[in-house]
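Chain residues, written in single-letter form:
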Amino acid sequence: TTNYNTLTGLSAGNFQITKINPTVTLSASPNSVPYNGNPQAANVVAAPGGTPGTVSNVRYTGSPVSPTNAGSYTLTADFTPTDTTNYNALTGLSAGNFQITKINPTVTLSASPNSVPYNGNPQAANVVAAPGGTAGTVSNVLYTGSATTPTNANTYTLTADFTPTDTTNYNTLTGLSAGNFQITKINPTVT
């Protein structure tokens, strides 16, 4: 202090307390819903106990549009903390998956005609889906469990498979009841 002055208020650079990423876990509730023909949105929320804030910009496998079709969608979302002074906003956080599940088609099967007279030849039932249900095709008609078209007079329990035209949103159904198919006895030709 004999040769040097005491200095005050000297610059010492900067001291920074940096923002940190918030502690947050996102999830969808519910994470699975059945197909209903309309766009369906996931309710993405932050798990309790983390940094308080708000969830926004939910995306379904990258798209901001709420999905309609059955499928599994990867969820991401943004998170803005309430305390933006000390915490960073986060973008594109994983929120798990959101699934729209396929449903069973609405279909009623029947045979037309459901009764024919015996004629000595194999006779097949014409199994059709009733109008007004889910569009699709009927296949694999079984006569009391057999794929063989019957010849003899009898009553046969009909079952068939149904494949919807829209296999993205509807399940294929197997072994649906289609009622009965009857080959009736006839009078013999006799003199």
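Computed from a predicted structure; not experimentally measured.

**Student:** Lay out the overall build of the protein in plain terms, naming residues and giving numbers.
**Tutor:** The helix and strand inventory of the protein stands at zero helices and 12 strands. When the helices and strands of the protein are listed from N to C terminus, the series reads β-β-β-β-β-β-β-β-β-β-β-β. Taken along the three principal axes of its C-alpha coordinates, the protein extends 150 × 25 × 25 Å. A burial count over the protein gives 25% of its 191 residues as buried. Here the contacts in the protein between residues at least 6 apart in sequence split such that 59% fall between residues at least 24 apart. Accessible surface for the protein amounts to roughly 12100 Å². Of this, 49% is attributable to carbon and sulfur atoms. Each charge class in the protein can be summarised by its mean position, and for the 4 positive and 4 negative side chains these summaries are 9 Å apart.

**Student:** Before we move on, can you summarise the sheet that holds strand β2 (residues 32-34) with the specific residues and values?
**Tutor:** Across a sheet, paired strands are connected by hydrogen bonds in the backbone, their directions being either parallel or antiparallel. Within the open sheet, the four strands sit side by side as β2-β6-β5-β4. Their pairing is mixed. Looking at the sheet topology across the chains shown, the edges are occupied by β2 and β4 (53-60). Across the sheet, the mean angle separating the axes of adjacent strands is 30° when strand polarity is ignored. Inspection of the sheet shows strand β5 (residues 71-81) paired to strand β6 (residues 90-101) by seven bridges, in the antiparallel sense. Directly across from Thr 76, in β6, lies its bridge partner Ser 94.

**Student:** Which residues make up the nonpolar core, and what values go with them?
**Tutor:** One finds Ala 42, Val 44, Tyr 60, Leu 75, Phe 98 and Ile 100 to be the most contacted residues of the largest nonpolar core, which totals 19 residues. Mapped onto this core, the elements with two or more residues apiece are β1 (26-28), β4, β5 and β6. Leaving out residues up to four positions away in the same chain, Tyr 60 has contacts with Ala 41, Ala 42, Val 65, Ser 66, Pro 67, Tyr 73, Thr 74, Leu 75 and Phe 98. Of all hydrophobic cores here, the second largest spans 16 residues; its members include Leu 109, Ala 125, Leu 158 and Phe 162.

Cut-offs used in this document
Residues numbered from 1 in each chain as written. Predicted model: local features only at pLDDT ≥ 70, side-chain atom pairs only at ≥ 80, totals over all residues. Heavy atoms only, no water. Helix = DSSP H or I, 4+ residues; strand = E, 2+ residues; numbered from the N terminus. Buried < 20%, exposed > 50% of the residue type's maximum accessible area, 1.4 Å probe, protein only. Contact = heavy atoms within 4.5 Å. Areas by Shrake-Rupley, 256 points an atom, 1.4 Å probe, with all protein chains shown as cover. Lys, Arg positive; Asp, Glu negative; His and termini not counted. Charge placed at Lys NZ, Arg CZ, Asp CG, Glu CD. Pairing = 2+ DSSP bridges. Axes fitted to C-alpha atoms, helices over the stretch in contact; angles between N-to-C directions. Core = buried A, V, L, I, M, F, W, Y, C linked by side-chain atoms within 4.5 Å.

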